[in-house]
Amino acid sequence: TQTSIKLNRSLAMNQLHTLPKIIIFLLTCSLALVNGSYPSEGDVRLVGGAGPFEGRVEYYNSGEWGSVCDDLWNITDAIVVCIQLGYPSAVAVSDRGAYGHAQGPIWLDGVTCNGSETRLSECNSSSKHDCSHFEDAGVVCSNDFLLRLVNSEQILNQGQNVSEGRLEVYHGGVWGTVCDDGWSFQDAQVACRELGFSGAFEFTTGDLFGQGVGTIWMDQVSCRGYEPSISQCSFPGWGIENCEHSQDVGVICVYPDITLAPVLPLRIAGGGSSGLLEISYNSTWGNVCADLFTLDDAQIACKQLGYVGALNLSSSQSTGSNPIWLHNVICRGLESGLSQCIHNPFGDDNCVNGEIVSVECSNDSQAVFSEFPIRLSGSDNAWEGRVEVFYDNTWGTVCDDAWDILDANVVCRELGYRAAYRATQLSNFGVATGPIWLNDVECVGSEDKLSDCSYDRLGLHSCGHEQDASVVCERKEVTLPVRLVGGAGTHEGRVEVLYDGTWGTVCDDSWNFLDAVVVCKQLGFSRAIAFLNFAAFGAGTADQPIWLDQVRCNGSEADLSQCTHNPIGSHDCLHREDASVVCSQDTPAVRLTGSANAWEGRVEIQVDGVWGAICDEEWTSADADVVCYQLGYSGAMSNEPAYEGEFGQGDGYVVQQNIICQGNETYLTDCSHEPFISIYNPSCNQVAVVCNNYELDVPVRLVGGDSAYSGRVEVYYSGLW
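Residues numbered from 1 in each chain as written. Predicted model: local features only at pLDDT ≥ 70, side-chain atom pairs only at ≥ 80, totals over all residues. Heavy atoms only, no water.

Caption draft 1: View of the overall build of the protein. When helices and strands are counted, the protein shows 10 helices and 41 strands. Relative to its full complement of 721 residues, the protein shows a buried share of 51%. Considering only residue pairs separated by 6 or more positions, the protein has 70% of its internal contacts joining residues 24 or more positions apart. For the protein, the exposed area adds up to about 31800 Å²; of that, 47% sits on carbon and sulfur atoms. (Helix = DSSP H or I, 4+ residues; strand = E, 2+ residues; numbered from the N terminus. Buried < 20%, exposed > 50% of the residue type's maximum accessible area, 1.4 Å probe, protein only. Contact = heavy atoms within 4.5 Å. Areas by Shrake-Rupley, 256 points an atom, 1.4 Å probe, with all protein chains shown as cover.)

Take a look at the structure:
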């Protein structure tokens with residue numbers, strides 16, 4: 001059994017098809033045992049789902065089944081549950097009692113798995129909790145749908161690179177391929193995440209990884225980017241296609257543990273610091289195609305050539321005198337040489353416009369790096385510490401030569417504080433290790449960033465770490481307005497925050513559902529539906545800053561600036577890592593209950609499938625009118641607390657909302673309100689209304705039909721059809 005269980009993550013990715021039959025048998029036995037009649041301590045089961053592969057997670061402890069609280073619950077925890085139950089992986093995670101509310105104890109809270117565990121009991125967790133059953137966690141395990149990557153005739157996990165290959169899906173007991181009609185980067189993102197990677201670098205079309213055989217299962221796949229499985233993306237149906245295997249798609253996934261390729265020689269044609277970029281392959285010099293090549297990629301090339309970085313990037317038409325060795329280059333920024341970046345196979349002649357890359361390299365660090373991330377280290381408090389600068393993929397310190405309050409003010413403002421309380425010298429927050437990047441910093445005090453100040457060339461100094469500079473900032477941080485960009489509506493999109501008069505993005509490092517909850521709450525939506533990584537709604541522009549990185553919210557914050565995060569502007573990200581969210585557009589359902597008459601009763605709102613009453617604090621006649629409008633009446637006749645009338649107190653569940661209506665709104669959600677959250681509060685005085693017991697006389701017409709008695713139904717209200 002231990003042999004089978006150790007497969008966990010790799011099994012969840014793409015290796016089920018390679019398992020010996022004995023391991024398949026052991027997994028089947030494990031599933032039968034868990035679903036049997038004699039549970040053991042630490043067993044898990046799923047309850048309330050549409051099938052045995054999904055539901056509310058329940059944990060067996062002290063002879064009794066109990067639920068798991070959704071605090072910190074994420075896909076890694078779900079994978080461990082599914083592996084324990086004998087499924088190959090998890091495809092989705094749910095919270096807030098999505099599969100109903102348990103009745104017994106809540107055994108676990110704050111579950112944190114790292115993905116290597118074989119049982120939920122092996123993960124870190126607390127037996128104490130502050131949860132209700134409205135926070136019961138759930139999972140959806142992968143059922144009969146699996147993915148794998150195949151490279152030509154060899155399954156990739158038996159070959160050299162498990163992160164790329166022809167994409168194959170397992171459905172109905174048969175492996176088949178995916179057609180490249182409509183295939184996009186967003187589809188590749190979903191596939192790579194389902195395989196267990198952090199995302200996609202690139203996708204391929206036209207059988208780059210060889211042609212499959214047999215069934216083509218999927219065609220015209222269209223993902224939005226945040227689905228947990230490509231089986232949940234839009235496509236015509238299993239086996240519905242008009243393709244050949246020459247159209248089989250492939251993906252190249254982000255897999256940080258891959259052994260990097262060797263660094264191949266580079267040069268700039270004609271010598272000097274600018275000109276055509278050339279790379280040597282098979283002892284022959286060739287060019288680099290300009291397709292997808294960016295200034296970020298040029299930085300890697302110039303650093304390999306011994307320069308500080310790249311100033312400019314250009315392209316020109318190839319004369320055909322040299323081969324084009326590299327095509328579709330994508331660098332992450334951590335490579336030692338250009339050949340270690342993702343790229344098509346050497347010699348791929350599909351350079352679309354025949355344009356090749358030229359670069360201009362420089363050793364002028366202030367010209368190359370118009371800005372660089374900074375952070376404070378050496379203190380438990382976010383507002384004070386040793387100043388550190390990120391350069392050449394390494395954090396380094398600032399020497400305190402000439403360091404003063406003007407320099408400290410710039411640092412604190414860049415980090416999101418209003419000003420500096422004091423500037424400190426002589427390693428006041430500890431002696432660092434590593435490089436010293438800045439010396440002789442001289443700011444006039446009005447600069448927006450430390451990189452705008454005067455300083456010696458990066459890395460040039462005569463200091464020791466006993467001279468590390470530090471700051472103490474004023475503790476009040478700047479509030480950050482938030483907006484969503486690039487979505488189909490205001491409820492979804494790339495997260496952007498406004499700082500120092502400029503909208504910037506948020507990096508997806510550590511981005512999770514709780515962060516999305518806070519963003520949606522700040523924007524006035526009732527809840528979050530999904531969080532997305534890898535610029536799912538498009539990347540920010542090249543000149544746009546990335547303001548936040550390593551955001552960590554607990555879900556209770558009122559706005560994103562209250563969450564833990566790196567200092568504003570301090571990051572190690574590219575815009576292809578921009579974070580996004582999808583918020584709920586739902587208008588909560590409203591009803592009147594406790595009366596035989598439809599037009600009167602206790603006001604209740606449905607939140608996440610649970611009806612709750614409204615407390616009478618600050619409830620007004622304007623609020624009552626809007627309730628009646630939403631229910632189709634012309635207004636309220638009376639507005640009375642339910643505890644004084646005949647409509648009862650309900651079951652004790654109420655909705656926190658702090659609704660403030662003007663009286664002219666159509667729905668309660670049009671009024672000013674806090675996020676709708678259902679809680680148990682039997683002592684709350686609950687409101688009721690009596691609406692005008694005649695409904696609105698709403699004119700109706702038919703539009704677009706073939707006659708006067710057929711067509712689309714339209715109603716006239718508030719001056720509009």
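Caption draft 2: Here's a closer look at the nonpolar core. Ranked by size, the top nonpolar core spans 31 residues in total, and within it Trp403, Val411, Leu438, Val441, Leu450 and Val471 carry the most contacts. Elements with a minimum of two residues in this core: strand E21 (374-377), strand E22 (384-391), helix H8 (405-414), strand E25 (436-438) and strand E26 (470-473). With 4 residues, the top contributor of residues to this core is H8. Val506, Ala516, Phe525 and Leu548 belong to the second-largest nonpolar core, a separate cluster that totals 24 residues. (Core = buried A, V, L, I, M, F, W, Y, C linked by side-chain atoms within 4.5 Å.)

Caption draft 3: Molecular detail of the pairing of strand E28 (residues 492-499). The buried fraction of E28 amounts to 7 of the 8 residues, a majority that puts the element mostly inside the structure. Sheet topology note: the E28/strand E32 (residues 580-583) ladder contains 3 bridges and is antiparallel. When the sheet's bridge partners are listed, Glu492 is paired in E32 with Val582. Relative to strand E29 (residues 502-506), E28 runs antiparallel, the two being bridged by 4 bridges. Bridge pairing in E29 places Val497 opposite Gly504. Counting the residues in the hairpin turn of E28 and E29 gives 2 residues, including Asp500, whose phi is positive at 55°. (Pairing = 2+ DSSP bridges.)

Caption draft 4: Molecular detail of helix H10 (residues 621-630). Here H10 lies mainly inside the structure; 7 of its 10 residues are buried. Buried residues of H10: Ala622, Asp623, Ala624, Val626, Val627, Cys628 and Gln630, and no others. Downstream of H10 by a residue or two, Gly632 has a phi angle that is positive, lying close to 100°.

Caption draft 5: Looking closely at the packing of aromatic side chains. Counted according to the given criterion, the structure contains 5 aromatic pairs. Judged by centre distance (5.0 Å) and plane angle (55°), the rings of Phe390 and Trp395 are tilted. For Phe390, a relative accessible area of 15% corresponds to the buried category. One aromatic cluster is present, formed by Tyr281, Trp325 and Phe346 through successive ring pairs. (Phe/Tyr/Trp six-rings, centres within 6.5 Å; stacked < 30°, edge-to-face > 60°.)

Caption draft 6: Structural view of the pattern of salt bridges. Considering all chains together, one arrives at 13 salt bridges under this definition. Linking Glu58 and Arg45 is a salt bridge whose minimum nitrogen-to-oxygen distance equals 2.8 Å. Within this pair, whereas Glu58 is found in strand E2 (residues 54-61), its partner Arg45 is found in strand E1 (residues 44-48), the two being separated by 13 residues in sequence. Residue Arg45 is classed as partly exposed on the basis of its relative accessible area of 31%. (Salt bridge = Lys/Arg side-chain N within 4 Å of Asp/Glu carboxyl O.)

Caption draft 7: Broad picture of unusual backbone geometry. The phi dihedral of Leu72 is positive, around 70°, even though this residue is not glycine. Tracing the sequence through the fold places Leu72 in the loop between strand E3 (64-68) and helix H4 (75-84). Non-glycine residue Asp440 carries a positive phi angle of around 50°. Within the secondary structure layout, Asp440 lies in the loop between E25 and E26.

Caption draft 8: Representation of the side chain of Asp508. For Asp508, the position within the fold is in the loop between E29 and helix H9 (513-522). Polar contacts involving the side chain of Asp508 include one to the main-chain amide nitrogen of Phe534, which spans 2.8 Å. Every residue in contact with Asp508, bar those within four places of it in the chain, is listed here: Asn533, Phe534, Glu577 and Ala579. (Polar contact = N/O pair within 3.5 Å; in protein donor to acceptor, adjacent residues only side chain to side chain.)

Caption draft 9: Structural detail: the confidence of the model for the protein. Mean pLDDT over the protein works out to 78, with 81% of the residues at or above the 70 mark. Counted against residues more than four places away or in other chains, residues 1-37, with its pLDDT under 50, gives 55 contacts. (pLDDT = per-residue confidence, 0-100.)

Caption draft 10: View of the environment of Ser229. Topologically, Ser229 is positioned in the loop between strand E13 (216-218) and strand E14 (250-253). Spatially, the C-alpha atoms of Ser229 and Val190 are 6.2 Å apart, while their sequence positions differ by 39 residues.

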